[in-house]
Amino acid sequence: MSDPFVPPVVPARLPTWQELYPLLPYRFPLSEPTPVVRIPIKGPPPFNMVAVVHTRLPGLVTPADGNIRRLQIRGIPTALRVRGFDPGADPALHEARSSSAPSVRMLQASDDGDFLVACDATGQHQPMPGSGLTTCFDDDGRWLLDADTANMADGVIWACAVEVTSWVMFHEPAAVAGAPQPAPSAAEEGSSLATQARLLVNHYRDYLTRPGADFVQAGRELSQLSGQLAAAHLPRDAVAPQQMATDALAAFQPPEGGATEHVIALAEARHNLLVRLFESGMDAQAAPLAEPALSGYRTYAEREGADLFRVQRDFAEFVKPLLAIGLADAALVAQRGALSVLQRMVPSAGGELEHEISLAEARHNLVARLLDVQLVAEARPTAAATIRAYQDYAARPGADVERAVRNLRELASVVLTPAQLTDLAAQADDAADSLQLRG
């Protein structure tokens, strides 16, 4: 008699890889430098260089369920970056010849059991129609790799990693005699961060299809990954994880009790995506995200139990990128939101002075945003109220008078004088003079 079928247990909430990683006995490096070995050659034109490239497809921690999972990963950025690469050059100069061999680099599981680690195919990237790429190099000159992988385990938690060793023959403009040498890149060759990120995006794509996936937590982790890439001067790589976070949260229907957090998480994801697109020079794609992000912040701020400190900070931080892409009206909406929320906040004991000067500074910034869109009639009384607010603050015991003076000087010289509001600029300077004399 055969054993009765026992349906698999689906957890109410599936942990993400970041939550599982600390539970492993060996916490493998998440990003390691992989130096590229270059060998100049006199090969058939146009080739003048051979490189040995080690691409480590880092281990991704996952709850193992006994199912074979296949990933077709396309366009993995490797550590090889062509020096002097020009994406607009003759396509013949972007050709490459390569040979790649994969090997299992690491495998660990929380218990004994069956497992499968396979790399069925690997080689230089084959561009797909509509991908925007026509060669195996991206616009930054990075050599791209494709890999078809499969894995399976029946343990509770497991992780595996594959390393691909490639020999690549290509044309490097900087190696041509007399060619100008490119300026050093902020994104250092040999870093595996972009490779790690590309693998993680695919991993999260798989994770979000599983029952019990935590969309909000995954969105938070994807946004963190995007921020890491941006800080490492990899703005184009930073777009993909942030886009995935935004798309996943937008499609997700939160359970009862989770709607409020979902509103702010989605608004922050759109905010961050706007920034990443702007940093990548994609202003046209960034601009439409402004209104839904602002709407999300306004909706969240009105919800019972909203974290006012969080949404006030979000509103205030959104102003600068909105101005950078030329959305002065949206920046004004964000500044109004920051001031409105700040006015509703109750300072903690001992924080009253900081709250008072923060309100004055928020009004100060509102004056600047009003003048950006020529709302002079509203800016005038707001500026006068701001001057009085700085004076009132400076009169309090323990006030930072130098901060108030500095703000008044800036209000006069940077905001009011360029707008030809010379009478108000004079009032701000007089107030600053008076406070300095008293000090």
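Worth saying up front: this structure is predicted, and the values here are computed from it rather than measured. (Residues numbered from 1 in each chain as written. Predicted model: local features only at pLDDT ≥ 70, side-chain atom pairs only at ≥ 80, totals over all residues. Heavy atoms only, no water.)

Colleague: So what about the layout of surface pockets? Which residues, and what values?
Modeller: Considered as a void within the structure, the largest pocket measures approximately 800 Å³ in volume. If you trace the largest pocket, you find 26 residues lining it, with Ser131, Leu133, Arg198, Arg236 and Ala240 closest to the centre. Contributions of two or more residues to the lining of the largest pocket are made by β4 (69-81), β7 (142-153), α2 (193-207) and α4 (235-251). Looking at the lining of the largest pocket, the element that brings in the most residues is α4, giving 7 residues. Considered class by class, the residues forming the lining of the largest pocket number 12 nonpolar, 5 polar and 9 charged. (1 Å grid on protein atoms, 1.4 Å probe; cavity = no way out; pocket = protein on both sides within 12 Å on 5 of 7 lines; lining within 4 Å. Points joined across faces, edges and corners; volume = space filled by probe spheres on them. Helix = DSSP H or I, 4+ residues; strand = E, 2+ residues; numbered from the N terminus. Nonpolar A, V, L, I, M, F, W, Y, C, P; charged D, E, K, R; others polar.)

Colleague: Lay out the packing of aromatic side chains in plain terms, naming residues and giving numbers.
Modeller: A full pass over the atoms with the stated rule returns 4 aromatic pairs. For the pair Phe85 and Phe137, a centre-to-centre distance of 5.8 Å together with 45° between the ring planes defines the contact as tilted. Here Phe85 is found in the loop between β4 and β5 (96-109), whereas its partner Phe137 is found in the loop between β6 (115-124) and β7, with 52 residues between them in sequence. On the basis of relative accessible area, Phe85 is assigned to the buried category, the value being 16%. (Phe/Tyr/Trp six-rings, centres within 6.5 Å; stacked < 30°, edge-to-face > 60°. Buried < 20%, exposed > 50% of the residue type's maximum accessible area, 1.4 Å probe, protein only.)

Colleague: Explain the state of the cysteines to me, and be specific about the residues and the numbers.
Modeller: Working definition: the covalent bond between the sulfur atoms of two cysteines is a disulfide. Counted under the stated rule, the structure contains 0 disulfides. Of the cysteine sulfurs around Cys119, a residue in no disulfide, the closest is that of Cys160, at 11 Å. Counting only cysteine sulfurs, Cys119 is the nearest neighbor of Cys136, a cysteine outside any disulfide, at a range of 17 Å. (Disulfide = S-S within 2.5 Å.)

Colleague: For the side chain of Gln124, give the residues involved together with the corresponding values.
Modeller: Positionally, Gln124 belongs in strand β6. For Gln124, a relative accessible area of 17% corresponds to the buried category. The contact partners of Gln124, leaving out residues within four places of it in the chain, are Ala96, Arg97, Ser98, Cys136, Trp143, Leu144, Leu145 and Asp146. (Contact = heavy atoms within 4.5 Å.)

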